[in-house]
Amino acid sequence: MRSRYGNDLIKRKTRITAKRVAEIIGCSEKTIYNGGAGTDGLTRIRNGRRQVRFILEEVIALVERQERQAQQKHAGKHE
């Protein structure tokens, strides 16, 4: 049985909680909700009135970008 949405199911992003984002980034959950630690640019998906989810792939990209920036700063100090 084929889905009428075709490849849309394959492209579906993994949704995670603010608590999980905080664990990955290494800060508090409240910081995530307030858009701190560089998370202000992350897509927020509302599930109902109170529940907010984030896209795992965006969070991973953010962490990788922050790590690269930190490495570049560190390398620049030792030149």
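This text follows the structure it describes.
All values reported here derive from a predicted model rather than from experimental measurement.

Trainee: So what exactly am I meant to see when it comes to the overall build of the chain here?
Mentor: Helix and strand counts for the chain come out as 4 helices and 3 strands. Counting from the amino terminus, helix and strand elements in the chain follow one another as α-β-α-α-β-β-α. Within the chain, buried positions represent 22% of all 79 residues. Of the contacts made within the chain by residues no fewer than 6 positions apart, 43% connect residues no fewer than 24 positions apart. Roughly 6500 Å² of accessible area belongs to the chain as shown, and the carbon and sulfur atoms make up 48% of that amount.

Trainee: Would you take a moment to explain the nonpolar core for this structure?
Mentor: Buried together is how nonpolar side chains tend to be arranged in soluble globular proteins. I16, A18, V21, A22, I25, I32, L42, V52, F54, V59, L62 and V63 together form the largest nonpolar core, which totals 12 residues. Among the elements that make up this core, the one with the highest residue count is helix α2 (residues 18-25) (4 residues). Discounting residues that sit within four places of it in the chain, I32 has contacts with A18, V21, A22, I25, C27, T39, R44 and F54.

Trainee: What is the right way to read unusual backbone geometry from this model?
Mentor: When glycine is set aside, most residues are seen to have a negative phi, and most peptide bonds are trans. Here A37, not a glycine, exhibits a phi torsion of approximately 60°, which is positive. Mapped onto the fold, A37 is located in the loop between α3 (29-33) and β2 (44-47). The exposure class assigned to A37 is partly exposed, which follows from its relative accessible area of 38%.

Thresholds applied
Every residue gets a number counted from 1 within its own chain, in the order that chain's sequence is written. Reporting in this predicted model follows two pLDDT cut-offs: at least 70 for local features of residues, and 80 or more for side-chain atom pairs to be given and counted; totals over whole chains, interfaces and linings ignore these cut-offs and use all residues. Side-chain measures were taken over the full set of non-hydrogen atoms in the model, leaving aside hydrogen atoms and water. Think of it this way: any DSSP run of H or I at least four residues long counts as a helix, any run of E at least two long counts as a strand, and we number them from the N terminus. Exposure categories follow from relative accessible area, calculated using a 1.4 Å probe and restricted to protein chains: below 20% of the type maximum is buried, above 50% is exposed, and the middle band is partly exposed. Contacts are assigned to residue pairs with any non-hydrogen atoms lying within 4.5 Å of each other. To be clear on the numbers: accessible area is Shrake-Rupley with a 1.4 Å probe, and residue cover counts the displayed protein chains and nothing else. Nonpolar cores were defined as sets of buried Ala, Val, Leu, Ile, Met, Phe, Trp, Tyr and Cys residues, with membership established by side-chain atoms within 4.5 Å.

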